[in-house]
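Okay, here's what each chain looks like letter by letter:
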Amino acid sequence: MGKLFDSIRNTQLWKSVFRHGYPDTPRNRTLAVLSNFFLHLHPVKVRRSGIQLSYTWCMGGLTFFLFLIETITGLLLMFYYRPTAELAYQDIFALREHVPIGIMRELHRWSAHMMVITVWLHMYRVFLTGSYKPPREFNWNVGVILLVLTLLLSFTGYLLPWDQLAVWAITVGSNMARATPFLGHEGPGASLISFGGLNFIHAGDDVRFGLLAGRFVGEGALLRFYVLHCVGIPLAAATLMAIHFWRVRKDGGISGPL
Amino acid sequence: MSEQLKHFVDWLMQPTLYFALSVVALVAVLKFRAISTKKSVIIGFFVLGTAFFAWAWSDPNFNKIITKPDNVPIVILLATVIFFSWLSLHRGYINDERKKKGLPTLEGELGKQKVFTWPDLVYTELICMVLFTALLVIWSIKIGAPIEEPAAQARTPNPSKAPWYFLGLQELLVYFDPWIAGVLLPSFIIVGLCAIPYIDVNPKGNGYYTFEERPFAISFFWVGFLLFWVSFVILGTFLRGPNWSFFGPFEYWDLHKLEPMVNIDLSTYFWFDLLGRPKAPSDPLLRELPGIVLLLGYFAVLPVLLQKPLMAKLFDGKREHIVRYHLMMHLLLWFGLIPIKMLLRWTIDLKYIVGIPEWFFNV
Ligand code: HEM
């Protein structure tokens, strides 16, 4: 058995991919991290305290992992889902009956819920260890935006099944936008934004209308939420995550006492 | 016996008591850390919690609300938040005690050693990922994602709830108009979170758990995150039913349960009850003057009055931190408006401190 592995490791094919021997010596362990695109997110050596589960709770890592699960399962779901008022509900319904390994929707939904929880706990841990203090102030801020994006990802996805639960949850959520000061038609100060007695802010053009592409949660909102959910927000979140991870290293790795 | 206990739990869970008890529990846990951080405390808590669940499981109303597919994560949230809060306090307590004896913190002790990322870190990550994947797959096989009736604009379900992570904000709608509960307060939460590293100038407690070196910061975050965010999510999910009325965990969600709502504006109290006028002034600004004066006093005068003692306590009295101080106060006062409004509602049925519906300006 060992011989077999050795001979595989000696082929040109293997060597063209992995440029180091078995990672059991310091040199090879260093190379294992440095010469691997994914692993080189990490430093070669880390403080023992920083990788203790009871210190980081692994919550940042799990959040990222859940984001990856969401990307993969979401992509699979996109094969079966058409974002129109006639088809959306039907397509979701058919997922359970007609699609092989029919747990993609479940995986996607439960992972999304878990991601909200892990991102909250991650923030909680970062706060409780004082890891937002210098030099990590900026990365905390990147994190806050990631938190908002995570919630928005979840919120936009909530509408897509196009059932009663979805439509009314988004209705309740987006009704708040009506009351935005100055910009919502039921917000304080909205009547001040007028010109020659003509009101600029009304139900047909306030921020809620902009969000929903209509006066209520209808077909326009479905398309908007779909595009934001599948393309817009994931791209923004992925970019910010890259910055977030890069900054973790630039700021000296996982925090620890100085 | 069983029925009586259920009634007692229902009674205990009503918003006023629920909130008061949460405050007491929080203060007790933080104050008596020597006891609350013991391992036996958290184990005992989870044993009791599990026993409660097992006992309550057979109750049809309890069972219905707990086993709703979308509510499973909230049970997980409750358990993990409690466990991790305990863990942080536990480690903080150990560190605080070690420091008193002149020893380095747990993190400082371990941090002296450096280990290779491969294998120590990558294996931890791998195991985390495998376990988590297993959990998610089992969960997905066991519990199907919900799908209700197709969307219908004409039929409003009762209750209509926002997604669970926003239920804390929906709960605030009981006390505030949407422009505060749904727009201002969330914006201030985001701004406030961003501002934390720039407001907190205490250099201690960076990179290790502690309580005694940052008592104000930690207590504040516990109050904000546990008391006003997580506990409101739980209240909104499990204890709010049709018409957003309160329902105990063992209570049947009766569509016709109506809670009497007699809410009175501050201006009414002022002009009728205090001055005995038959009619409030018709000019809204004059009518609402008492509330406006109160709010101005709260937001503009109070920070100035408290400046000296608080600056001395939190910023070593250094003048250069004056901007931080006022930013912090502004955010804290908005936050403080929540419990104030809740208390006023519960005690004197107050609806608005300033109520100018003509301009949608109700506070
Ligand atoms: C999609 C969301 C997020 C992802 C995927 C993510 C991921 C990570 C990861 C993998 C780490 C390494 C350490 C660890 O696992 O704890 C980390 C560190 C950090 N995160 Fe996040 N994070 C997210 C959101 C946030 C949020 C919401 C905040 C704060 C508001 C935040 C602030 C930080 C800070 C300050 C660090 C450095 C901590 C230290 O050095 O101890 N992140 N993040």
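The residue count restarts for each chain, going from 1 along the sequence in the order it is written. In the order they appear in the text, chains get letters beginning with A and ligands get numbers beginning with 1. Totals for whole chains, interfaces and linings use every residue, but because this is a predicted model, local features are given only for residues with pLDDT of at least 70 and side-chain atom pairs only at 80 or more, for both listing and counting. The basis for every side-chain value is the complete set of heavy atoms in the structure, and neither hydrogens nor water enter the calculation.

Novice: Even after reading the chapter, I still don't get the overall build of chain A, so can you show me in this structure?
Specialist: Note on conventions: DSSP H or I runs of at least 4 residues are helices, E runs of at least 2 residues are strands, and numbering of each starts at the N terminus. A count of helices and strands for chain A gives 11 helices and three strands. Across chain A, helices and strands are ordered from the amino to the carboxyl terminus as α-α-α-β-α-α-α-α-α-α-β-β-α-α. Its C-alpha atoms give chain A a radius of gyration of 24 Å, clearly above 18 Å, the size a compact globule of 258 residues would have. Dimensions along the principal axes, computed over C-alpha positions, put chain A at roughly 80 × 55 × 30 Å. Two things to know: the radius of gyration comes from C-alpha atoms, and the globule rule equals 2.2 Å times the number of residues to the power 0.38.

Novice: Sorry if this is basic, but what is going on with a nonpolar patch on the surface here?
Specialist: Residues and elements named next belong to chain A. Only residues above 30% relative accessible area that lack a salt bridge enter a patch, with like-charged residues linked at up to 9 Å and the nonpolar side chains Val, Leu, Ile, Met, Phe, Trp and Tyr linked at up to 5 Å. Working definition of accessibility: Shrake-Rupley area with a 1.4 Å probe, residue cover restricted to the visible protein chains. Take a side-chain nitrogen of Lys or Arg and a carboxyl oxygen of Asp or Glu: if they are within 4 Å of each other, that pair is a salt bridge. Where nonpolar side chains cluster on the molecular surface, the patch consists of Met1, Leu4, Phe5, Ile8, Trp14, Val17 and Phe18 and spans about 710 Å² of accessible area. Sorting the residues of the nonpolar patch by element identifies α1 (2–9) and α2 (12–17) as the ones contributing at least two each. A total of three residues in the nonpolar patch trace back to one element, the largest contributor, which is α1. Positionally, phenylalanine 5 belongs in helix α1.

Novice: When you look at the coordination of the iron atom of the ligand in this model, what are you seeing that I'm missing?
Specialist: All names here are of chain A. The donor set comprises N, O and S atoms within 2.8 Å of the metal, extended to 3.2 Å for Na, K and Ca; water molecules are omitted, so apparent gaps in a site may simply reflect that omission. Looking at the metal site, the iron atom of the ligand is ligated by His122 (NE2) and His244 (NE2), spaced 2.0 to 2.1 Å from it. Here a site with four donors is tetrahedral if all angles are between 85 and 135 degrees, and a site with four or six donors is square planar or octahedral if opposite donors are over 155 degrees apart and the other angles are between 65 and 115; anything else gets the irregular label. Coordination at the iron atom of the ligand is octahedral, judged from the six donor atoms that bind it and the angles of 86 to 179° they form at the metal. Highlighted residues: histidine 122 in helix α7 (residues 104–128) and histidine 244 in helix α11 (residues 219–250), separated in sequence by 122 residues. Like histidine 244, histidine 122 is buried. Each residue is assigned to one of three classes by its accessible area relative to the maximum for its type, calculated with a 1.4 Å probe on protein chains only: buried under 20%, partly exposed between the two thresholds, exposed over 50%.

Novice: Teacher, can you tell me more about the environment of threonine 239 of chain A here?
Specialist: Looking at the secondary structure, you find threonine 239 of chain A in helix α11. Distance from threonine 239 of chain A to leucine 146 of chain A, taken between C-alpha atoms, is 10.0 Å for residues 93 residues apart in sequence.

Novice: Would you explain the interface of chain B and chain A in this entry?
Specialist: Note on interface size: it is often stated as the accessible area lost on association of the parts. Note on contacts: a residue pair qualifies if any of its non-hydrogen atoms lie within 4.5 Å across the two residues. Of the residues lining the interface, 93 residues belong to chain B; the matching set on chain A comes to 91 residues. Carbon and sulfur atoms make up 72% of the area that chain B and chain A hide from each other, which totals about 8700 Å². Between aspartate 70 of chain B and arginine 109 of chain A there is a salt bridge, and its shortest N-O distance comes to 2.7 Å. Identification of polar contacts relies on pairs of N or O atoms within 3.5 Å, with a donor-acceptor requirement for protein atoms, meaning one able to donate a hydrogen and the other able to accept it, and with residues adjacent in sequence counted only if both atoms are side-chain atoms. The interface formed by chain B and chain A holds 42 residue pairs in polar contact (both at pLDDT 80 or more) in total. Contributing elements (two or more residues each) for the side of chain B that touches chain A: α6 (72–100), α7 (106–111), β1 (114–116), α8 (117–142), α9 (167–172), α10 (178–199) and α11 (215–238) of chain B. Per-element tally for the side of chain B that touches chain A: the top contributor is α8 of chain B, with 17 residues. Note on residue categories: nonpolar means Ala, Val, Leu, Ile, Met, Phe, Trp, Tyr, Cys or Pro, charged means Asp, Glu, Lys or Arg, and polar means any other residue, Gly included. Considering only residue class, the side of chain B that touches chain A consists of 59 nonpolar, 21 polar and 13 charged. Relative to β1 of chain B, strand β1 (residues 45–47) of chain A is paired through three bridges, and the arrangement is antiparallel. Looking at the pairing, valine 46 of chain A lines up with valine 115 of chain B of β1 of chain B. The quantity reported as buried area is the accessible area (1.4 Å probe) lost by two parts once they are put together, taken as the sum for both. Only strands that DSSP links by at least two bridges are regarded as paired with each other.

Novice: Which parts of the structure should I look at to understand the packing of α7 of chain A against α8 of chain B?
Specialist: Two measures define how a pair of helices packs: the angle their axes make with one another and the distance between the axes. All axes here are fitted lines through C-alpha atoms, helices being fitted over the stretch that makes contact, and every angle between N-to-C directions spans 0 to 180 degrees. At a closest axis distance of 9 Å, the pairing of α7 of chain A and α8 of chain B adopts a crossing angle of 130°. Accordingly, the angle class assigned to the pair α7 of chain A and α8 of chain B is oblique. Pair α7 of chain A / α8 of chain B crosses with right-handed handedness. In this structure, α7 of chain A uses Glu106, Leu107, Trp110, Ser111, Met114 and Thr118 of chain A to contact α8 of chain B, whose residues at the interface are Phe132, Leu136, Val137, Trp139 and Ser140 of chain B. Geometric relationships in this document are graded by angle, where less than 35 degrees denotes roughly parallel, more than 145 denotes roughly antiparallel, 65 to 115 denotes roughly perpendicular, and other angles denote oblique. Crossing handedness follows the turn of the near helix against the far one: under a right angle anticlockwise gives a left-handed crossing, and clockwise gives a right-handed one.

Novice: Sorry if this is basic, but what is going on with the pattern of salt bridges here?
Specialist: A side chain with one charge can pair with a side chain of the opposite charge if their charged atoms come near. Residue and element names in this part refer to chain B. One pass over the full model with this rule turns up 18 salt bridges over all chains. Across the salt bridge formed by lysine 6 and glutamate 3, the nearest N and O atoms sit 3.8 Å from each other. Highlighted residues: lysine 6 and glutamate 3, both in helix α1 (residues 2–12), separated by three residues, approximately one helical turn. The buried category is assigned to lysine 6, whose relative accessible area is 10%. Through salt bridges with shared partners, a single network forms among Arg33, Glu97, Lys100 and Glu212.

Novice: Where do I start with the side chain of glutamate 70 of chain A in this structure?
Specialist: Tracing the sequence through the fold places glutamate 70 of chain A in helix α5 (residues 59–80). For the buried residue glutamate 70 of chain A, which engages in no salt bridge, the nearest side chain bearing the opposite charge is arginine 109 of chain A, 9.8 Å off. Just so you know, the count uses Lys and Arg for positive and Asp and Glu for negative, and it drops His and the chain ends.

Novice: Where do I start with α7 of chain A in this structure?
Specialist: Residues and elements named next belong to chain A. The end-to-end C-alpha distance of α7, which contains 25 residues, comes to 35 Å, matching closely the 36 Å that a straight helix rising 1.5 Å per residue would cover. Of all the 25 residues making up α7, 24 are buried; the element is thus mostly covered by neighbouring parts of the structure. Just past α7, the residue glycine 130 takes up positive phi, approximately 60°. Multiplying 1.5 Å by the helix residue count minus one yields the expected span of that helix.

Novice: I keep staring at the site of the ligand and nothing clicks. Help me out?
Specialist: Residues and elements named next belong to chain A. Every one of the 25 residues lining the ligand counts as a neighbour, but His122, Arg125, Gly143, His244 and Ser255 are closest to it. At 2.8 Å from a nitrogen atom of the ligand is found a side-chain nitrogen or oxygen belonging to histidine 122. The separation between a nitrogen atom of the ligand and a polar side-chain atom of histidine 244 is 2.8 Å. Counting only elements with at least two residues in the shell around the ligand, the list comes to α5, α7, α8 (137–159) and α11. Per-element tally for the shell around the ligand: the top contributor is α8, with six residues. Of the residues contributing to the shell around the ligand, the split by class is 12 nonpolar, 11 polar and two charged. Here a residue counts as near a molecule or strand whenever at least one of its heavy atoms sits within 4 Å of it.

Novice: Looking at this model, I keep getting lost on the nonpolar core. Mind explaining?
Specialist: Side chains that are nonpolar tend, in soluble globular proteins, to be buried together. Residues grouped as a nonpolar core are buried Ala, Val, Leu, Ile, Met, Phe, Trp, Tyr and Cys residues, joined through side-chain atoms within 4.5 Å. Membership of the largest hydrophobic core comes to 135 residues, with the highest contact counts inside it found for Trp120 of chain A together with Trp164 of chain B. Looking at this core, the element that brings in the most residues is α11 of chain B, giving 15 residues. If we ignore the near neighbours within four places in the chain, the residues touching tryptophan 120 of chain A are Leu147 and Leu151 of chain A together with Leu77, Trp164, Tyr165, Phe225, Trp229 and Val233 of chain B. The next biggest cluster of nonpolar side chains, apart from the first, holds eight residues, and it includes Ala195, Phe315, Met329 and Leu331 of chain B.

Novice: Teacher, can you tell me more about the domain arrangement of chain B here?
Specialist: All names here are of chain B. Parsing chain B into structural domains produces domain 1 (2–105 + 208–244), domain 2 (117–144) and domain 3 (266–362). Computed over C-alpha atoms, the centres of domain 1 and domain 3 are 31 Å apart. Taken residue by residue, the interface counts nine residues in domain 1 and eight residues in domain 3. Counting the surface lost from both domain 1 and domain 3, the interface buries some 690 Å², and carbon and sulfur atoms represent 98% of this. Linking domain 1 to domain 3 there are zero salt bridges. In this assembly, domain 1 and domain 3 are joined by zero residue pairs in polar contact (both at pLDDT 80 or more). Going through the elements one at a time, α2 (15–31) and α11 are the ones with two or more residues in the side of domain 1 that touches domain 3. Class assignment for the residues of the side of domain 1 that touches domain 3 results in seven nonpolar, two polar and no charged. What fixes the domain bounds is an automatic or database domain assignment.

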